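Analysis of the macromolecular model
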Amino acid sequence: MFALLTIPQSITIFGQQIATLTLLQTIITLIVGFIVAYVAKSLTSKYAKGNLPTDYSKKLTLLVYYGIIAITVISALAQSGIDLTGLFLAGGFAGIVIGFATQSLFSNLISGIFLYMDKPLKVGDPVLITGKLPDVSGVVVTIGVLTSRIRIFDGTYVTLPNTDVFSSEIHNYSATIARRIQITIGVGYDEDLDKAIKVITNLLADTPLVLVEPTPNVYAASVGEYAININIWCWVPSSVMFQVQMQLINQIKKHLNDNNIKIPLPRRILQIADGNRVAGT
Amino acid sequence: MLETSNRKGVYGCHSFPFLDTLADNSNSDSSNNKDFTLFNFRDHKISLTPEGESIKSGNHLFRYKRYLNNEVVVDKLLTSSSPSVNVCIFPAVPLYSTPDLSRHLYLKFKSPFVVDPHQKLDFYAKMPIEIGIFKESHKKGILLIDCISLCKQQYILYGTPEHGAICRYKETEVYTAESETAMFEEALIGMHMHNDTDKIIQINMLVIPLNDVMLEHRNDNAYLSGKTEIKVGSSFGKDIANVQLINAKTRDSQLSQTPSKEVTQEFLMDSGF
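Counting restarts for each chain, with residues numbered from 1 along the sequence as it is written. Each chain takes a letter, starting from A, and each ligand takes a number, starting from 1, following the order in which they are written. Per-residue local features of the predicted model are confined to residues with pLDDT of at least 70, and side-chain atom pairs are confined, for both listing and counting, to 80 or more; whole-chain, interface and lining totals are unaffected and use all residues. Side-chain metrics in this entry use all non-hydrogen atoms of the structure; hydrogen atoms and water are not considered.

Structural notes on the confidence of the model for chain A
Atom-level detail of predicted coordinates should not be read off regions where pLDDT is low. Residues at a pLDDT of 70 or more form 90% of chain A, whose mean pLDDT is 83. The predictor reports its confidence for every residue as pLDDT, a score running from 0 up to 100. Counting from the N terminus, the helices are the DSSP runs of H or I reaching at least four residues and the strands are the DSSP runs of E reaching at least two. Within chain A, strand β10 (residues 228-237) of chain A carries the highest mean pLDDT (94), whereas helix α1 (residues 2-5) of chain A carries the lowest (54).

This is how it looks when you write it as structure tokens:
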């Protein structure tokens, strides 16, 4: 009866003789490895939840978990004496093949991480991405692991690889709380320039969303072909910039009209070859 | 009809019985105009109209309207489980008419004041306010349903576009004692300042955080409740003013709402004062 309970000195697995004690050590290594992987996964998940976006948090947790599992399995197999040379050779070759195949994937992944860390854009930001790509302007919807999605202003979605976004010129329209509106308007040479500037300055002072400081600037900027160009620079909160700009253009025209200040039409004077001058349009 | 011109004590909660408003409308000269005007605030007129009674639920319906130069600008339906509706009118911090735009008030002093080293100063200034119109539910709290701004609205950028703050702007005198304020347009704010630096400083303006801050009122005069402390100190060779507002009832007056806890707001003026 006792003979039945005797533990054998060695066991044959996949045609290889493995000492029972070594096998026991291998099993313990695997169990400890799995426990360590589980604890590391929990800790990583806990840390990443508050510090990284959900996408990255899940990926990082899985990477840590499966990384430790892989190391545990390889250590356990090495400990058991199973010859892994063939496996490593095959793994090395497969690694090179997979590496080449997934080069762009990793490039996008790394760019995504840098986009997250550098924060040139955030979800919800209105942006213009230009330079490397054809111009894409819209609102950032997601910054994923491999791609970023932009809802362009006509309502359609554009998905861009993170590498392209990261290496492009990014204009972020909401990175600052205030922006400057620049409007140029021409008034006729016969008009009272000081009066025109005063009318516009008063209008800016009466527009609530035009900021008192930085002080608005209204000045004669250039002498044009048929008008003196007045530049109107004023700062407004970024969130209402487009509304204020539209409102200001309407109001400037209305106030100039109300004060009988003409915005002239383009004018050309034609001179016919025989010397007779004809006033043209 | 209740009008600001002939009635004292506009601020507060007012109960409007369903039947009375109906009766008032039935006696009205123009039967087409069913509006029961509550108050006039310059070009703004607010009115309540009984809309009917739900037989199933027993709720009474009222229509709230605000007119600006006789054009309807706000139109809301109010329900009331009792045969009256409670509408409260309170002074409110000037943040509601343009929500999400600003949380701070920038007071520019017409006469800047100079404070000696390690000296203290108590003073008053005026801040802009809005008129908040709230629907009160019997002992269940109040909800803002409309907001009227009678004073000129202006905004300013404090600091840089990257790290600054958009603030509601007001130019004010500095007063050494409580002063009269423009009714429904201004509130009085009392401040206490310490110059903790070793040099003489000049204060030209202050930025006061106003988020979640309530105002007090007494005889239709409004006050910023609590205390506003300004401590000017030096840090890394730069003079910084720390503005702290502890919002709590301080006067023999009424608060628009009873704060559940004392609200403390702080703003660090590191781009000059």
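Details of the interface of chain A and chain B
Every contact between the two is made by 16 residues of chain A and, on the other side, 16 residues of chain B. For the pairing of chain A and chain B, the buried interface totals around 1200 Å² over both sides, and the portion due to carbon and sulfur atoms is 68%. Salt-bridge detection follows one rule: a side-chain nitrogen of Lys or Arg within 4 Å of a carboxyl oxygen of Asp or Glu. Where chain A packs against chain B, one counts 1 salt bridge. B:Lys152 is the partner of A:Asp206 in a salt bridge, and the nearest nitrogen-oxygen pair spans 3.9 Å. Counting of polar contacts relies on pairs of N or O atoms within 3.5 Å, with two restrictions inside protein: one atom must be capable of donating a hydrogen and the other of accepting it, and residues adjacent in sequence are counted only when both atoms are side-chain atoms. Across the chain A-chain B interface, the total number found is 3 residue pairs in polar contact (both at pLDDT 80 or more). Elements with a minimum of two residues in the side of chain A that touches chain B: α7 (193-206) and β10 of chain A. Residue polarity is assigned by list, with Asp, Glu, Lys and Arg as charged and Ala, Val, Leu, Ile, Met, Phe, Trp, Tyr, Cys and Pro as nonpolar; anything else, Gly included, falls into the polar class. Its residues assigned to classes, the side of chain A that touches chain B shows 12 nonpolar, 2 polar and 2 charged. Only heavy atoms enter the contact rule, under which two residues are in contact if any of them lie within 4.5 Å. Once two parts are brought into contact, the accessible area they lose, counted with a 1.4 Å probe and summed over both, makes up the buried area.

Quick look at the sheet that holds strand β11 (residues 155-158) of chain B
Residue and element names in this part refer to chain B. Pairing is mixed in the open sheet, where 4 strands are placed in the order β11-β12-β7-β14. Lying at the two open borders of the sheet, with one neighbouring strand each, are β11 and β14 (201-209). With strand direction ignored, the average angle separating the axes of adjacent strands in the sheet is 40 degrees. Taken together, the 8 bridges between strand β7 (residues 104-115) and β14 define a ladder with antiparallel strand orientation. Residue pairing for β14: Tyr-106 is matched across the bridge by Val-207. Should DSSP find at least two bridges between two strands, the strands are taken to pair. Only the contacting stretch of a helix is used when fitting its axis, a line to C-alpha atoms as for every element, and angles between N-to-C directions run 0 to 180 degrees.

Re the pattern of salt bridges
Using the criterion set out here, one finds 9 salt bridges over all chains in the structure. Close ionic contact of A:Lys122 with A:Asp125 constitutes a salt bridge, the shortest N to O distance being 3.9 Å. Notably, a salt bridge pairs B:Asp75 with B:Arg63, separated by 2.8 Å at the nearest N-O pair. Separated by 12 residues along the polypeptide, B:Asp75 in strand β5 (residues 71-80) and B:Arg63 in strand β4 (residues 60-68) bring together distant segments of the chain. Overall, B:Arg63 belongs to the partly exposed group, its relative accessible area being 21%. The classification of residues rests on relative accessible area computed with a 1.4 Å probe and restricted to protein chains. Under 20% of the type maximum is buried, over 50% is exposed, and intermediate values are partly exposed.

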